[in-house]
Amino acid sequence: MLDSRIGQEAQRVDPSFPLTPAGSDPPAPRTGGLARSQGGHTPFHPAGEMRLTSEARLRMECWETIGGRTRERLHELAGNVIDWFARVDASSPDGRSYAVVLGDRGLSIAEPRVDTAHRPVYVISAFVFDPASLRHVRVDHRPPPTAHTTSGPAAGAGPDLGLSQDARGLLGNLPPRAQHLLQAPFAAGQRILQCHWAYEGFDHHLDMFMVCLAGPRNVTAATGTKIIPAGHSPETAHWSLTCHQASVVRRIGR
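Note that this is a predicted model, so its numbers are computed, not measured.

**What about the pattern of salt bridges?**
Argument step 1. Applying the stated criterion to the full structure yields 8 salt bridges.
Argument step 2. The salt bridge involving Asp160 is made with Arg191; its shortest N-O contact spans 3.8 Å. Of the two residues, Asp160 sits in the loop between β6 (135-141) and α4 (165-171) while Arg191 sits in the loop between α5 (176-183) and β7 (194-202), which places them 31 residues apart along the sequence.

In structure tokens:
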């Protein structure tokens, strides 16, 4: 059944640098070769607040409020699930949830709407991948407690990628390498059409984190966890992420 498959944590290979095809054997370690933006500099953002509330429903509870046919369609479009989330849609007047599923065949999104007969429905959109283009790389960020005072790129101006202030603030919390991997395909002028994210856990430990950026030609995503060890601050949080990139060959819906 879909729910048992999508609830399982996706198994991830720990590929070495540079980005490697999903499912391939990791190559010998080397330097250089990271996919670069073609013109334009990848921006780095100041960190925004990552708020948590005990009143919000968790992703599985939200997922179960979405109809079975909608969930099956999300899975069909995404393929084998890499990661996913569901959360309450702040724009929904009746507090319904929306869902995002990242898989090896695409990124699929279900959003609550009301049809012309004033009935609650879900609108599904998707960014369909070229399966051969899917790449992933691990980003394990383990700075010492004082790293933020001595290292790291300064946040500064860069190309306008189409991100909201909240989205830029969220990305600003991520390790510099993850920020680069997420934004590099868009730095040459490809505008980001959709940005979705969710995280769950506690102030010192997010056991679920996912963000994805989607444009006309590329989708990028980062999934993983965040820990603030004893003696550390949010600026020196430890991240364990898998960053994904894929080329878009077809769009469904908006």
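**Comments concerning the pairing of strand β3 (residues 97-103)**
Argument step 1. Counting buried positions over the 7 residues of β3 gives 7, a clear majority of the element.
Argument step 2. Of the two faces of β3, the one carrying Ser97, Ala99, Val101 and Gly103 and the one carrying Tyr98, Val100 and Leu102 are both buried.
Argument step 3. In this structure, strand β2 (residues 81-88) lies alongside β3, joined through 7 bridges in antiparallel fashion. Its bridge partner being in β3, Val88 is matched across the sheet by Ser97.
Argument step 4. In terms of strand pairing, β3 meets strand β4 (residues 106-114) through 4 bridges, oriented antiparallel.

**Quick look at unusual backbone geometry**
Peptide bonds are, in most cases, trans, and in most cases residues other than glycine have a negative phi.
Argument step 1. We note that His118 has phi near 65 degrees; this positive angle belongs to a residue other than glycine.
Argument step 2. Among the structural elements, His118 can be located in the loop between β4 and β5 (120-129).

**What to know about the environment of Leu181**
Argument step 1. Structurally, the position occupied by Leu181 is in helix α5.
Argument step 2. Look at Leu181 and you get buried, because its relative accessible area is 1%.
Argument step 3. For the pair Leu181 and His136, spaced 45 residues apart in sequence, the C-alpha separation works out to 9.8 Å.

**A look at the nonpolar core**
Argument step 1. Counting residues in each nonpolar core, the largest one holds 26 residues, and the members touching the most others are Leu174, Phe209 and Val211.
Argument step 2. Mapped by element, the contributors of at least two residues to this core are β6, α4, α5, β7, β8 (205-214) and β10 (238-252).
Argument step 3. It is β8 that contributes the most residues to this core, 4 residues altogether.
Argument step 4. The contact partners of Leu174, leaving out residues within four places of it in the chain, are Gln179, Leu182, Phe209, Val211, Trp239 and Leu241.

Procedures and definitions
Within any chain, residue numbers begin from 1 and follow the written order of that chain's sequence. With the structure being a predicted model, the display of local features is reserved for residues of pLDDT at least 70 and the display and counting of side-chain atom pairs for 80 or more, all residues being used for whole-chain, interface and lining totals. For side-chain calculations, the full set of non-hydrogen atoms in the structure is used, while hydrogens and water are omitted. Put simply, a salt bridge is a Lys or Arg side-chain nitrogen that is within 4 Å of an Asp or Glu carboxyl oxygen. Counting from the N terminus, the helices are the DSSP runs of H or I reaching at least four residues and the strands are the DSSP runs of E reaching at least two. With a 1.4 Å probe rolled over the protein chains alone, any residue whose accessible area is under 20% of its type maximum counts as buried; one over 50% counts as exposed, and the rest are partly exposed. DSSP bridges decide pairing: two strands pair if at least two such bridges lie between them. Here, nonpolar core means buried Ala, Val, Leu, Ile, Met, Phe, Trp, Tyr and Cys residues that are tied together by side-chain atoms lying within 4.5 Å of each other. When checking whether two residues touch, look at their non-hydrogen atoms; a contact exists if any pair is within 4.5 Å.

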